[in-house]
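What follows is the residue order along each chain.
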Amino acid sequence: MENENDIDQLFKNGLSDPEIPFNELDWEKMERKLDGTENKKRLIPMWLYTATGIAAVLTVVLFWLLSTPVEINKKGGEELSSVEPVKPGIKKAELENNTADLKMNRAEHQINSADTHIHQETGQQFYSQVQIAGNISGRTTAVGLMTEQAPPVLPLLSAITANDGINSGINLMRPEVNLQVSSTLAHSSKEVADVSTAAERDRIALEKKANALAQSKDPFEKITPTEIARSVQKNMETALSPRNTLILSAMAAPDITTAKPSKSSKVSSNLGMLATYALSPKFSVTSGAIYAKKYYNSAGTAPQDNPYAAAQDWEVDADCNVLDIPLNVNYKLLNKKRLSVSVNTGLSSYFMLKEKYEFITGAAGAGQQVSTLEVQNQNKHLFGIANISLSFDHRINESFSVGLQPFAKLPLTGIGNGNVDLKSVGVSFSLNIGLFPAKKTGKYAVVKYSSLK
Amino acid sequence: MQRIISGCIKKDRSSQYLLYKEFYSYGLAICRRYALDDEDAADVLNDGFLKIFNNIEKYDPEKPFKSWIGKIITNTAIDHYRANLKFADHEDVSTLEHIGDAAIVYSQLAYKELLALIQGLSPAYRTVFNLYAIDGYSHEEIAELLKISTGTSKSNLFKARQKLQEKLATINGSLKADVSFIARQGVNPINVNNEMPAKNR
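Residues numbered from 1 in each chain as written. Chains lettered and ligands numbered in written order. Predicted model: local features only at pLDDT ≥ 70, side-chain atom pairs only at ≥ 80, totals over all residues.

Turning our eyes to something else, we now look at the overall build of chain A. Tallying secondary structure elements over chain A gives nine helices and eight strands in all. Every one of the 453 residues in chain A was classed for burial, and the buried ones make up 32%. (Helix = DSSP H or I, 4+ residues; strand = E, 2+ residues; numbered from the N terminus. Buried ≥ 20, exposed ≤ 12 C-beta atoms within 10 Å, placed from the backbone.)

Turning our eyes to something else, we now look at the overall build of chain B. When helices and strands are counted, chain B shows ten helices and zero strands. In chain B, the succession of helices and strands from N to C terminus is α-α-α-α-α-α-α-α-α-α. Classification of the 201 residues of chain B by burial places 38% in the buried group. Sequence-distant contacts, at least 24 apart, represent 72% of the contacts inside chain B between residues at least 6 apart. (Contact = placed C-beta atoms within 7 Å.)

Residues spaced three or four apart along an α-helix point in a common direction, a consequence of the helix completing one turn every 3.6 residues. Of all the residues in helix H5 (residues 111-119) of chain B, the buried ones are Leu114(B), Leu115(B), Leu117(B) and Ile118(B). Looking straight down H5(B), one finds that the buried residues subtend no more than 160° of arc, so they occupy a single side. (Arc of directions from axis to C-beta.)

Let us look at the pairing of strand S6 (residues 369-395) of chain A. Each regular strand displays side chains that alternate between the two surfaces of the sheet. All names here are of chain A. Relative to S6, strand S5 (residues 339-361) runs antiparallel, the two being bridged by 21 bridges. When the sheet's bridge partners are listed, Leu339 is paired in S6 with His394. Two elements, S6 and strand S7 (residues 400-411), share nine bridges in a ladder whose sense is antiparallel. Bridge pairing links Arg395 to Ser401 in S7. Two successive antiparallel strands, S6 and S7, enclose a turn made up of four residues. (Pairing = 2+ DSSP bridges.)

A separate point is the packing of helix H2 (residues 13-34) of chain B against helix H4 (residues 65-81) of chain B. All names here are of chain B. The interhelical angle for the contact between H2 and H4, taken along N-to-C directions, is 30°, at an axis separation of 9 Å. Taken together, H2 and H4 sit at an angle that is classed as roughly parallel. Here the hand of the crossing between H2 and H4 comes out right-handed. Of the residues in H4, those in contact with Phe23, Tyr26, Gly27, Ile30, Cys31 and Tyr34 of H2 are Lys66, Ile69, Gly70, Ile73, Thr74, Ala77, Ile78 and Tyr81. Within the contact of H2 with H4, the residues separate by chemical class into ten nonpolar, three polar and one charged. (Axes fitted to C-alpha atoms, helices over the stretch in contact; angles between N-to-C directions. Parallel < 35°, antiparallel > 145°, perpendicular 65-115°, else oblique. Left-handed = near helix turned anticlockwise from the far one by under 90°. Nonpolar A, V, L, I, M, F, W, Y, C, P; charged D, E, K, R; others polar.)

Our next topic: the nonpolar core. Within the largest apolar cluster, 53 residues are counted, with the highest numbers of intra-cluster contacts made by Phe11(A), Tyr20(B), Cys31(B), Leu45(B), Val128(B) and Tyr132(B). For this core, the element with the highest residue contribution is H2(B), accounting for eleven residues. Looking at this core, you find at least three residues from each of domain 1 (2-84) and domain 2 (93-194) of chain B. In contact with Leu45(B), not counting residues within four places along its chain, are Asp26(A), Gly27(B), Leu28(B), Cys31(B) and Ile73(B). One finds Val322(A), Tyr350(A), Phe359(A) and Ile415(A) within the second-largest nonpolar core, a separate group that totals 18 residues. (Core = buried A, V, L, I, M, F, W, Y, C linked by C-beta atoms within 7 Å. Domains from an automatic or database assignment.)

Once that is clear, we can look at the packing of helix H3 (residues 38-55) of chain B against H4(B). Residue and element names in this part refer to chain B. For the pair H3 and H4, interaxial distance at closest approach is 9 Å and the crossing angle is 130°. Taken together, H3 and H4 sit at an angle that is classed as oblique. Here H3 and H4 pass one another in a crossing that is right-handed. Every residue of H4 that contacts H3 at Val44, Leu45, Asp47, Gly48, Lys51 and Ile52 is listed here: Ile69, Ile72, Ile73, Thr76, Ala77 and His80. When the residues that make up the contact of H3 with H4 are grouped by side-chain class, the tally is seven nonpolar, three polar and two charged.

To continue, consider the confidence of the model for chain A. All names here are of chain A. Confidence in the prediction of chain A, expressed as mean pLDDT, is 68, and 53% of residues score 70 or more. Across chain A, the secondary-structure element scoring lowest on mean pLDDT is helix H4 (residues 137-149), at 40, and the one scoring highest is S7, at 91. This model gives residues 440-449 a pLDDT under 50, and the stretch forms 19 contacts once residues within four places in sequence are excluded. (pLDDT = per-residue confidence, 0-100.)

Here we come to the environment of His139(B). Residue and element names in this part refer to chain B. For His139, the location among the structural elements is in helix H7 (residues 139-146). C-alpha of His139 to C-alpha of Thr152: the two residues are 13 residues apart in sequence and 9.1 Å apart in space. Setting aside chain neighbours within four positions, we find His139 in contact with Thr150, Ser153 and Lys154.

All names here are of chain A. Bridge count between strand S1 (residues 246-259) and strand S8 (residues 422-435): twelve bridges; the pairing is antiparallel. By the bridge assignment, Met251 is partnered in S8 with Ser430. Sheet topology places S7 next to S8; ten bridges connect them, and they run antiparallel. Counterpart to Val402 in the pairing with S8 is Leu431.

Okay, the confidence of the model for chain B next. Residue and element names in this part refer to chain B. Mean pLDDT over chain B works out to 77, with 74% of the residues at or above the 70 mark. With pLDDT under 50 throughout, residues 174-201 is counted as low confidence; its partners more than four residues away or in other chains account for 31 contacts. Scoring of the predicted complex yields 0.37 for pTM and 0.74 for ipTM.

Now for unusual backbone geometry. In this structure, Asn377(A) takes a positive phi of about 50° despite not being glycine. Look at Asn377(A) and you get exposed, because 11 C-beta atoms sit within 10 Å. A positive phi angle, close to 60°, is found at Lys147(B), a residue other than glycine. Residue placement: Lys147(B) occurs in the loop between H7 and helix H8 (150-171).

Structure follows, in structure tokens:
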């Protein structure tokens, strides 16, 4: 059966050991496959890592947001404990009772000083907010009107103390003593000479309404003093904190991007749009999109285990188009009239849109080999880069400012196809436009508030 | 090579690269023979290498590394096309027609042409022919690997040779007349197998 042997032999000889040229692209696919299996194993730690980072940022923000009210409550509580509790069930006939009057007066004094101070700071805005708050609105109307002409009673009283005053005042207004408080307040307000009749009518109407609401048997209608206290406190905080402001920035930044070991570096460029949202006078968060064209190279003698050029002279030139999505937290260190300085930190995600590599191996001359590799949309590094920068902003007018920002971008993971330790250092120039600027009253209040501190 | 293998055990990427590059041609040649086309072959090759990299610590250094790799890649290729392997019922090989005696004429055929011929076979014929004629498996081993009977393996090999012979004949139409003849009755194909030259295992 020679013919069968022949066929087998023909194919065996012809097919068993061909020289198939090596295709670098197949290795690229292989690497992705290997990365895929490794990534699956690493999935949980990576998630934990990312989640921890986000949690840390949130904690800082929440801590800041919550720390102020906590302090107020604590102090408010202390203040309240010094005020003797009013006996429950005091009858209307006991209205003129001296002890009660004294207590009311004390509370009134606190309200008075607090109101005066707050009014001085936040102006008409706060006035209207407190008015909405209900029970004490009648009193506030009077005080508000009165203090408009009056000098501040306690100009150096800190805002926190002012809050305490309000808190104790409100806490005195339990349903059982409600009428007394209102009456006392009404009584004292009559003493204010220049109260307009319209304001007086409003006051009476609101007073009646507040009492009715506080004593209502309908659970849906009834407003408890704690609700009122909470409402006032919330409005206080809103009044004292700055308006949230959104700042849009257009930025351009040259940088030097390096991967070790580096021979020479061309200047890379970044162009982007960013939005900054102010959480407070000091803290803000920034995000946006930056398109970066990164040039870098790696050169020298390749390590012994380098697959492209083991222990040979080599050079890798890279030209990458990267979409950089940063998420940064900014803390204002200095806020002068025109200049503000912030320190910024956060994480960036790199989306490698296009990566072009040129591998040059061997000594210069005839022996030199150049091979290229180009991949598109193959690598993304979610929160793989740490950002750190210092920004200097110079205010031109109410809405516009220009910024200068030296920055560094440090990799937390290998970047790009070669998993390189890619660092960028540069300076960003930006033009910033403030949208939804703070209302003047609020703004001035904040300025005054911070100067009082 | 030992250094590369131990590097691969440590999941060192450059060792993996070196190993991949070293056995790329060898592995891809196997895959191409079993695959439908070259593109598919590269996918199968990478699947095979993934198994190699993930199981490299199981390699017994006493045995030849190349055949260990070859076996994994072959098995990967077979697994890849297992769903497509539709074997005809066992036929008595002795009743089959033997075709062709002019194969030697085509010994100068290039790799690509031979590959095209093999890829043109049905998956079942291709797999058995590859395993037996090129990779040197016995019918028993093929039967076990493909979960078929030895008889089915033999008949598929026979039909594969027949198809290849026909195709070879069509390539050179002038020889068509010479390639077809009735095989002698009573030839036991097992004897044919025994006459095969040393297998490359």
